[in-house]
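A look at the structure
Spelled out from the first residue to the last, the chains are:
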Number of protein chains: 2
Amino acid sequence: MPKKGDDKTSAPVELKCKVDDDSEWRTLNGDQVELFNAAVNCRSYKAGETVFMQDDPCKGLYIIESGMIAVRKMDSEGRTAVIRLGYPGDSLGYRPLLAKENHRASAEVTKDSRVCFVDAKTTWQLISKNPDLGLRFLERIAKAMGEVESRFFEVAALSVRVRLVHLLILLRDKCGRFSTDGTLVLELPLTRQDLASMIGARPESVSRAFHDLKEDGLASSSGRQVHVTQYKRLIEELHSNISV
Amino acid sequence: MPKKGDDKTSAPVELKCKVDDDSEWRTLNGDQVELFNAAVNCRSYKAGETVFMQDDPCKGLYIIESGMIAVRKMDSEGRTAVIRLGYPGDSLGYRPLLAKENHRASAEVTKDSRVCFVDAKTTWQLISKNPDLGLRFLERIAKAMGEVESRFFEVAALSVRVRLVHLLILLRDKCGRFSTDGTLVLELPLTRQDLASMIGARPESVSRAFHDLKEDGLASSSGRQVHVTQYKRLIEELHSNISV
DNA sequence: CGCCAGGTTGATTTCGCTCAAGCAATGTGG
DNA sequence: CCACATTGCTTGAGCGAAATCAACCTGGCG
């Protein structure tokens with residue numbers, strides 16, 4: 001009978017919390033996994049709860065096991081904008097942690113979620129024990145940076161309609177599926193308000209953009225459900241307007 | 001008489017290329033500095049030359065010793081926008097290097113410059129020999145990311161005038177000086193076109209914004225020289241509009 | 001000189017924001 | 001179970017900021 005710790009090549013210790021296969025945490029070896037597991041603290045959140053608040057010091061980072069979390073930024077006038085959506089396997093709060101800054105945004109639970117917390121000290125310990133973890137963060141954040149820079153371009157140069165189309169296509173992976181007749185069905189996890197904020201627009205403008213898309217026979221929306229009838233043409237519209 | 005390599009605490013080997021005191025490269029120790037020096041390749045560029053091109057693979061990173069370099073992004077329609085200005089001590093191209101991506105922008109020499117090149121392989125070697133170098137990059141890029149995310153907010157919500165004011169204030173450190181009578185004199189290193197692209201506007205709108213600022217007695221511009229007569233009021237205008 | 005790129009200015013248009021009303025879906029308390 | 005708030009979505013009217021289009025300066029420079 002195989003004893004615990006007997007096996008050599010296969011992972012002897014499992015990470016206590018579920019992450020993507022390509023997650024940076026996969027780089028941890030036995031000892032480090034144990035350190036991780038000893039420190040990690042998982043709990044459930046109800047929709048509407050707040051994981052962390054803007055301007056709070058960053059105490060560590062959060063790994064989403066299940067559910068969905070919206071990261072929003074608020075300005076002094078109380079206007080708010082969603083800047084990222086977190087899905088299972090994603091990490092939140094790593095930017096302020098690595099930058100040694102306070103949180104620049106709040107994380108708000110959108111669907112009941114299970115989230116694991118790893119304190120900053122442990123994270124830094126792990127990074128120093130296993131520099132590869134740091135490099136993975138480096139790569140990830142560098143990629144994310146490229147995305148943000150590109151989107152910056154976009155807001156300035158493109159119409160609300162095109163920005164909306166782009167967002168829909170980005171959301172496809174996470175909350176879309178193709179039905180049998182080839183139409184793409186998106187189950188948007190956000191209010192119009194939040195949707196609008198993600199592309200730097202007002203909800204009314206988004207409504208009108210949806211209206212126009214319907215008029216052109218590209219897509220129709222009812223509430224938070226969007227049916228993209230002409231996915232190909234939608235992509236084309238994007239490509240004829242976007243550089244990347 | 002002290003022999004070469006005699007001293008213990010003071011840096012025995014100098015970096016072959018001039019960097020800021022707080023540069024990430026300062027973390028390198030003797031061996032690593034030598035590796036760096038062996039690999040680094042400095043040369044001069046004339047204004048107008050290109051250091052690297054958008055979409056080219058990233059072969060390494062560039063350290064600006066002197067001069068000035070504009071980093072611009074171009075879209076499929078040929079519209080171009082300046083996304084960053086590089087000054088002596090800055091590094092360019094580290095984002096694509098770390099993200100293992102191609103360049104997402106071009107670097108164009110604006111004033112005659114001297115630039116040092118460190119190939120990717122050496123950079124990765126140095127990072128693995130000295131994880132602290134990686135951590136410094138991590139921190140820097142994480143901070144930069146926060147900045148970009150904040151500016152995202154700005155483009156969508158603020159008027160051209162306020163965005164221009166903000167840019168002027170950001171440029172103050174690099175190309176501004178206070179004259180004896182307290183006015184701030186900025187020597188802008190850019191055409192109106194480029195200036196406009198940095199804030200997501202058209203050159204005509206920037207012209208009009210300058211016109212308005214002059215009318216309000218805040219600043220006056222003649223060509224690329226801007227005189228800010230009421231620096232305090234300019235700052236106030238900013239603070240009453242910006243969240244951060 | 002004339003040329004030309006960069007800059008300003010003016011006239012017009014357009015896009016998206018504001019404000020306001022109406023509607024549907026959902027919740028809540030009597 | 002119904003009257004009613006509440007919340008999110010849509011639509012319309014009006015407006016304003018900035019883009020577009022176009023003309024006209026201005027200052028180098030061959």
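Residues numbered from 1 in each chain as written. Chains lettered and ligands numbered in written order. Predicted model: local features only at pLDDT ≥ 70, side-chain atom pairs only at ≥ 80, totals over all residues. Heavy atoms only, no water.

**Let's talk about the interface of chain A and chain B**
Listed by partner, the interface residues are 42 residues for chain A and 41 residues for chain B. Together chain A and chain B conceal approximately 3900 Å² of surface at their shared face, both sides included; 70% is due to carbon and sulfur atoms. The interface formed by chain A and chain B contains four salt bridges. One can count twelve residue pairs in polar contact (both at pLDDT 80 or more) joining chain A with chain B. No other element matches the 21 residues that helix H4 (residues 131–157) of chain A contributes to the side of chain A that touches chain B. In terms of residue class, the side of chain A that touches chain B is made up of 21 nonpolar, eight polar and 13 charged. (Contact = heavy atoms within 4.5 Å. Buried area = accessible area lost by both parts, 1.4 Å probe. Salt bridge = Lys/Arg side-chain N within 4 Å of Asp/Glu carboxyl O. Polar contact = N/O pair within 3.5 Å; in protein donor to acceptor, adjacent residues only side chain to side chain. Helix = DSSP H or I, 4+ residues; strand = E, 2+ residues; numbered from the N terminus. Nonpolar A, V, L, I, M, F, W, Y, C, P; charged D, E, K, R; others polar.)

**Comments concerning the domain arrangement of chain A**
Interface extent is often summarised as the accessible area lost during association of the parts. All names here are of chain A. Entries for chain A in the domain assignment read domain 1 (24–154) and domain 2 (158–242). Here the C-alpha centroids of domain 1 and domain 2 sit 27 Å apart. Each partner contributes residues to the interface: domain 1 has ten residues there, and domain 2 has twelve residues. For the pair domain 1 and domain 2, the summed buried area comes to about 1100 Å², and 56% of that belongs to carbon and sulfur atoms. Among the residues domain 1 hides against domain 2, the three largest losses belong to Val82, Tyr87 and Glu154. Together they make up 52% of the total. Across the domain 1-domain 2 interface, the total number found is one salt bridge. Among the ionic pairs, Arg72 bridges to Asp194, the shortest N-O distance being 2.2 Å. One can count five residue pairs in polar contact (both at pLDDT 80 or more) joining domain 1 with domain 2. (Domains from an automatic or database assignment.)

**Describing the sheet that holds strand E7 (residues 176–178) of chain B**
Residue and element names in this part refer to chain B. As summarised here, the arrangement of the four strands in space is E7-E8-E10-E9, forming an open sheet in which the pairing is antiparallel. Each having just a single partner strand, E7 and strand E9 (219–222) make up the two edges of the open sheet. Strand-to-strand twist across the sheet, computed as the mean angle between neighbouring axes with direction ignored, equals 20 degrees. One ladder, built from four bridges, connects strand E8 (residues 184–187) with strand E10 (residues 225–228); its direction is antiparallel. Each residue of the ladder has a partner; that of Val185, found in E10, is His227. Its contacts with the sheet put helix H5 (residues 160–175) on E7 and E8, and the angle it makes with E8 is roughly 80 degrees. Against the sheet, helix H7 (residues 203–215) engages E9 and E10, with an angle of about 135 degrees to E9. (Pairing = 2+ DSSP bridges. Axes fitted to C-alpha atoms, helices over the stretch in contact; angles between N-to-C directions.)

**Side note on the protein's contact with DNA strand D**
Contacts to DNA strand D come from 16 residues, most closely from A:Arg192, A:Ser207, B:Val160, B:Arg202 and B:Ser205. When the atoms of DNA strand D within 4 Å of the protein are sorted by group, sugar and phosphate make up 67%. Separating a base nitrogen of DNA strand D from a side-chain N or O atom of A:Arg208 is a distance of 3.0 Å. Contact distances for DNA strand D include 2.6 Å between a phosphate oxygen and a backbone N or O atom of B:Val160. Mapped by element, the contributors of at least two residues to the surface near DNA strand D are helix H7 (203–215) of chain A together with H7 of chain B. The greatest single-element share of the surface near DNA strand D, amounting to four residues, is contributed by H7(A). Counted by class, the surface near DNA strand D contains two nonpolar, seven polar and seven charged residues. (Near = heavy atom within 4 Å.)

**Some details on the nonpolar core**
Counting residues in each nonpolar core, the largest one holds 56 residues, and the members touching the most others are A:Trp25, A:Phe36, B:Trp25 and B:Phe36. Not counting the four nearest positions on each side in its chain, B:Trp25 is found in contact with B:Leu15, B:Val19, B:Phe36, B:Leu61, B:Ile63, B:Ser91, B:Thr123, B:Leu126, B:Leu133 and B:Phe137. (Core = buried A, V, L, I, M, F, W, Y, C linked by side-chain atoms within 4.5 Å. Buried < 20%, exposed > 50% of the residue type's maximum accessible area, 1.4 Å probe, protein only.)

**Looking at the protein's contact with DNA strand C**
For DNA strand C, the set of nearby residues contains 16 residues, the closest of which are A:Val160, A:Arg202, A:Ser205, B:Arg192 and B:Ser207. The protein-proximal atoms of DNA strand C, defined as those within 4 Å of the protein, are 66% sugar or phosphate. A:Ser205 places a polar side-chain atom, nitrogen or oxygen, 2.3 Å from a phosphate oxygen of DNA strand C. The contact in question runs from a phosphate oxygen of DNA strand C to an N or O atom on the side chain of B:His211, over 3.3 Å. Of the residues forming the surface near DNA strand C, the biggest block, four residues, is contributed by H7(B). Among the residues making up the surface near DNA strand C, the classes are represented as two nonpolar, seven polar and seven charged.

**Quick word on the sheet that holds strand E7 (residues 176–178) of chain A**
All names here are of chain A. If you trace the four strands from one edge of the open sheet to the other, you get E7-E8-E10-E9, paired in antiparallel fashion. Only two strands of the sheet have a single partner each, and these edge strands are E7 and strand E9 (219–222). The mean angle between the axes of side-by-side strands here comes to 20 degrees, regardless of whether they run parallel or antiparallel. The strands touched by helix H5 (residues 160–175) within the sheet are E7 and strand E8 (184–187), with E8 carrying the most contacts at an inclination of about 80 degrees.

**Observations regarding the relation of the copies chain A and chain B**
With an axial shift of 0.2 Å and an RMSD of 0.2 Å, the rotation relating chain A to chain B amounts to 178 degrees. The superposition operator between the copies reduces to a two-fold rotation axis. The overlap is high: 93% of the interface residues of chain A also sit at the interface in chain B, so the same surface is used on both sides. (Least-squares fit on C-alpha atoms with pLDDT ≥ 70 in both.)

**Quick look at the packing of helix H3 (residues 120–129) of chain B against helix H4 (residues 131–157) of chain B**
Residues and elements named next belong to chain B. For the pair H3 and H4, interaxial distance at closest approach is 4 Å and the crossing angle is 105 degrees. Comparing their axes, H4 and H3 come out roughly perpendicular. Facing Leu126, Ile127, Ser128 and Lys129 of H3, the residues of H4 in contact are Pro131, Leu133, Gly134 and Phe137. Residue composition of the contact of H3 with H4, by class: five nonpolar, two polar and one charged. (Parallel < 35°, antiparallel > 145°, perpendicular 65-115°, else oblique.)

**Topic: the packing of H4(A) against H4(B)**
Each pair of packed helices gets described by two things: the angle between the helix axes and the distance between those axes. Where H4(A) contacts H4(B), the two axes come as close as 9 Å, and the packing angle between them is 20 degrees. It follows that H4(A) is roughly parallel to H4(B) by the angle criterion. Handedness of the crossing formed by H4(A) with H4(B): left-handed. Here the contact of H4(A) with H4(B) is composed, by residue class, of 22 nonpolar, two polar and four charged. (Left-handed = near helix turned anticlockwise from the far one by under 90°.)

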